[in-house]
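# Observations on the model geometry
Residues per chain are reported as follows:
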Amino acid sequence: MAVLIGPGGVGKGTIAQRLVRANDHLWLSRSWTTRPPRASERGDEYVFVDAPTFERAIDEGQFLEWARFHDHLYGTPLPNAPAGHDVLLEIEVQGAEQVRRRYPDAVVILITPPSDADLEGRLRARGDADEHVQKRLSSAPHEVTRGQELADYVVVNDDLERVTGEILSILETRRQLRRSPSSKD
Ligand code: 5GP
């Protein structure tokens, strides 16, 4: 299992999409959320549900992890990836802590912005309300600090092509290690 973390707006979603397009072994989980869709979203980015539906799914044990982030609930359903696939998650840091406890072998990769100004620019470009931009910027330092403690790798999103290549080679190395006869995994 591979987990991408990093502040909202850093580009995790775009990177995740590119990773699964480039690597047939990767299977991207689709999260549930109680957040309403953004105007720019097509509707398949998440399973968009209301809070009672989400809470019922928690009670029924349907989530691998879930967390509250800025007034909304987000959760990863128990994955049903086809055999031979590695599951890829794109989540915030509280969720990654739960994944780490449940799957100690999961590789956690922190994506950081090249600068604070770059992050703010990306958040504004998504067209979110100013209040949302401010909230996400205010949680960015925690996502990065806690993320640095948790992550196996830190990559700077300075160039999409380069970052995607770097993560693909991290994942390929892990995959080969798991397959090698000397691996204890
Ligand atoms: P956004 O509202 O910008 O789509 O997402 C807000 C944050 O929630 C992002 O950091 C995103 O990675 C994270 N997130 C998305 N899906 C999940 C999930 O299933 N679980 C957790 N814990 N966080 C998620």
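Note: the structure precedes this text.
Summarised in this report is the structure supplied together with it.

## What to know about the pairing of strand β6 (residues 72-77)
Here 2 bridges tie strand β3 (residues 32-33) to β6, and the two strands are oriented antiparallel to one another. Residue pairing across strands places Thr33 opposite Tyr74, the latter belonging to β6. Sheet analysis places strand β5 (residues 63-69) next to β6, joined by 6 bridges and oriented antiparallel. Its bridge partner being in β6, Trp66 is matched across the sheet by Gly75.

## Brief notes about the site of the ligand
Surveying the vicinity of the ligand reveals 17 residues, the closest of which are Ser31, Arg35, Tyr46, Tyr74 and Arg136. The side chain of Arg35 places a nitrogen or oxygen atom 2.5 Å from an oxygen atom of the ligand. A total of 510 Å² of accessible area belongs to the ligand in isolation, and the protein chains cover 97% of it. Those elements that place two or more of their residues in the shell around the ligand are β5 and β6.

## Examining the side chain of Arg35
Along the chain, Arg35 turns up in the loop between β3 and β4 (47-48). Here Tyr74 takes part through its side chain, which lies 3.5 Å from a polar atom of the side chain of Arg35. Each residue touching Arg35, except ones within four places of it in the same chain, is listed here: Glu41, Tyr46, Phe48, His72, Tyr74 and Arg136.

## Focus: the sheet that holds β3
An order of β4-β3-β6-β5 is seen for the 4 strands of this open sheet, with the pairing classed as mixed. The open sheet terminates on both sides in strands that have one partner only, identified here as β4 and β5.

Here is what the cut-offs are and how they apply
- Position numbers for residues count from 1 along each chain, tracking the sequence in the order it is written.
- The predicted nature of this model means local features are confined to residues of pLDDT at least 70 and side-chain atom pairs, given and counted, to a pLDDT of 80 or more, with totals for whole chains, interfaces and linings taken over all residues.
- For the side-chain quantities, the full set of heavy atoms in the structure was used; hydrogens and water were omitted.
- Following DSSP output, two strands are said to pair if at least two bridges run between them.
- Each helix is a run of DSSP H or I of at least 4 residues and each strand a run of E of at least 2, with the numbering of both proceeding from the N terminus.
- We call a residue near a molecule or strand as soon as one heavy atom of that residue lies within 4 Å of the molecule or strand.
- Pairing of N or O atoms within 3.5 Å defines a polar contact, subject to two protein rules: one partner must be a possible hydrogen donor and the other a possible acceptor, and residues neighboring in sequence count only if both atoms are side-chain atoms.
- Working definition of accessibility: Shrake-Rupley area with a 1.4 Å probe, residue cover restricted to the visible protein chains.
- We call two residues in contact whenever any of their non-hydrogen atoms come within 4.5 Å of each other.

In short, shape yes, function no, at least from these values alone.
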